[in-house]
Amino acid sequence: MLSIKKRADCFISLHKFNESKRVADLCNNDLKNTVAVLVTDAGTPSISDPGATLVSKYHEEKVPVYSVPGCCSITAAFSISGFELRPEAYFSFLGFFPRKQTEQTSLLEEITYKKSFSIFFESGKRITNTLKIIHEFFKIEVRAFLVKELTKKHEMYWKGSVTELTKLFSEKNSPTDILKGEFVLILDLTKLHKPRNSPTDEIESWINVLQPFMKKSDIAKVLKIKYGIKRNDLYNHILIKKN
């Protein structure tokens, strides 16, 4: 790396499993008297990668932190997507697509009503399944842009509907290298038509029906399972509604 000779005393590993310990082991003198460089072999530190805890420690100790920016896959992907930002159509970066079903449902419900561009990271191992989940959730045509390995030798991109991308990545005769690398997925929800009965309306209806027969906490449990919304949020909503 930059022709720097690797020495055991100047290179320290930092990953999601040891970041808290690494930061805890730092003493104030180390921070103030040493120039440290945080690098990744791919991506940007602290952006869906470890680093935020370390950077926060530097801020707490009033030690300067500087950025040496490289390519940002989020803006780089959007710049070649052909999608246009407008005052009423912004984009949101949401990190890696959730793995848990309840979190997936909750997030997709949320972005449905923002009518913006939503950007996700995803791995090659999960991209096909993620496309299927999004396709099955919306059940209508949603424009999308998908790119992998930006600025690298095996960069590839696809533009079309989520339905088309799902079909492409589900085909058995797709090239084997199509799933290698990390993906950036952009969903265009700016022109998405809101369903006549939104989940919020349905939740209100269920609360009205169940309140005479169930405890507030039990209603929150049931609706959490059905809609993937946090139980505490539902419980507080029921309390506010009652008052």
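Residues numbered from 1 in each chain as written. Predicted model: local features only at pLDDT ≥ 70, side-chain atom pairs only at ≥ 80, totals over all residues. Heavy atoms only, no water.

K.L.:
What exactly am I supposed to notice about the overall build of the chain here?
P.N.:
A count of helical and extended segments in the chain gives ten helices and five strands. In the chain, buried positions account for 33% of the 243 residues. Contacts in the chain between residues at least 24 apart in sequence constitute 69% of all its contacts with a sequence separation of at least 6. By element, 54% of the accessible surface of the chain is carried by carbon and sulfur atoms, the whole surface being about 16,400 Å². (Helix = DSSP H or I, 4+ residues; strand = E, 2+ residues; numbered from the N terminus. Buried < 20%, exposed > 50% of the residue type's maximum accessible area, 1.4 Å probe, protein only. Contact = heavy atoms within 4.5 Å. Areas by Shrake-Rupley, 256 points an atom, 1.4 Å probe, with all protein chains shown as cover.)

K.L.:
What's the story with the nonpolar core in this structure? I'm lost.
P.N.:
What tends to happen in soluble globular proteins is that the nonpolar side chains get buried as a cluster. In this structure, Ile134, Leu146, Phe169 and Leu187 are the most contacted members of the largest nonpolar core, which totals 23 residues. Looking at this core, the elements with two or more residues in it are helix H5 (101–112), helix H6 (127–138), strand E3 (143–148), helix H7 (162–170) and strand E5 (182–188). Broken down by element, the residue count for this core peaks at five residues, all from H6. If we skip the residues at most four places from it in the chain, leucine 187 touches Ile111, Ser116, Phe117, Ser118, Phe120, Ile134, Arg143, Ala144 and Val162. (Core = buried A, V, L, I, M, F, W, Y, C linked by side-chain atoms within 4.5 Å.)

K.L.:
Hey, could you run me through the packing of aromatic side chains in this one?
P.N.:
For any pair of aromatic rings, the description rests on two quantities: the centre-to-centre distance and the angle between the ring planes. Taken as a whole, this structure holds eleven aromatic pairs when the rule is applied. With centroids separated by 5.2 Å and ring planes inclined at 35°, the aromatic side chains of phenylalanine 78 and phenylalanine 91 adopt a geometry described as tilted. Of this pair, phenylalanine 78 sits in helix H4 (residues 73–79) while phenylalanine 91 is found in strand E1 (residues 91–96), placing the two residues 13 residues apart along the sequence. The class of phenylalanine 91 is partly exposed, set by a relative accessible area of 28%. Residues tryptophan 158 and phenylalanine 169 carry aromatic rings whose centres are separated by 5.1 Å and whose planes lie at 70° to one another, so their mutual orientation is edge-to-face. A residue pair is termed long-range when its members are at least 10 positions apart, and tryptophan 158 in strand E4 (residues 156–161) and phenylalanine 169 in helix H7 qualify at eleven residues. No difference in accessibility class separates tryptophan 158 from phenylalanine 169, as the two residues are buried. (Phe/Tyr/Trp six-rings, centres within 6.5 Å; stacked < 30°, edge-to-face > 60°.)

K.L.:
What should I look at first to understand the side chain of threonine 128 in this one?
P.N.:
In this structure, threonine 128 sits in helix H6. Accessibility expressed as a relative area gives 16% for threonine 128, which makes it buried. Not counting residues up to four positions away in its chain, the partners in contact with threonine 128 are Phe169, Ser170 and Leu179.

K.L.:
Explanation requested: the sheet that holds E3 in the structure shown.
P.N.:
Hydrogen bonds along the backbone pair up the strands of a sheet, which may run parallel or antiparallel. The five strands are arranged E1-E2-E5-E3-E4 in an open sheet whose pairing can be described as mixed. The open sheet is flanked by E1 and E4, the only strands paired with a single partner. Averaged over all adjacent pairs, the angle separating strand axes in this sheet is 15°, with direction ignored. Sheet analysis places strand E2 (residues 117–123) next to E5, joined by seven bridges and oriented antiparallel. Considered in E5, the bridge of phenylalanine 120 is made with leucine 185. Along the sheet face, H6 touches E2, E3 and E5 and points at about 15° away from the line of E5. Contacts between H7 and the sheet are confined to E3, E4 and E5, with E4 contributing the most and set at about 130° to the helix. (Pairing = 2+ DSSP bridges. Axes fitted to C-alpha atoms, helices over the stretch in contact; angles between N-to-C directions.)

K.L.:
Just checking my understanding: could you explain the environment of leucine 107 for this structure?
P.N.:
With respect to the secondary-structure elements, leucine 107 resides in helix H5. You can call leucine 107 buried: its relative accessible area is 14%. Along the primary structure leucine 107 and phenylalanine 97 are separated by ten residues, whereas in three dimensions their C-alpha atoms are 9.0 Å apart. When near neighbours in sequence (up to four residues on either side) are disregarded, leucine 107 contacts Leu94, Pro98 and Phe120.

K.L.:
Could you clarify how one ought to interpret unusual backbone geometry in this entry?
P.N.:
The general pattern is negative phi for most residues beyond glycine and trans for most peptide bonds. The phi dihedral of lysine 62 is positive, around 60°, even though this residue is not glycine. Here lysine 62 lies in the loop between helix H3 (52–60) and H4. A residue is classified by how much of its surface remains accessible, and lysine 62, at 74% relative accessible area, is exposed. Phi angles above zero are rare outside glycine, and lysine 139 is one such case at about 60°.

Any link to function would need more than the numbers given here.
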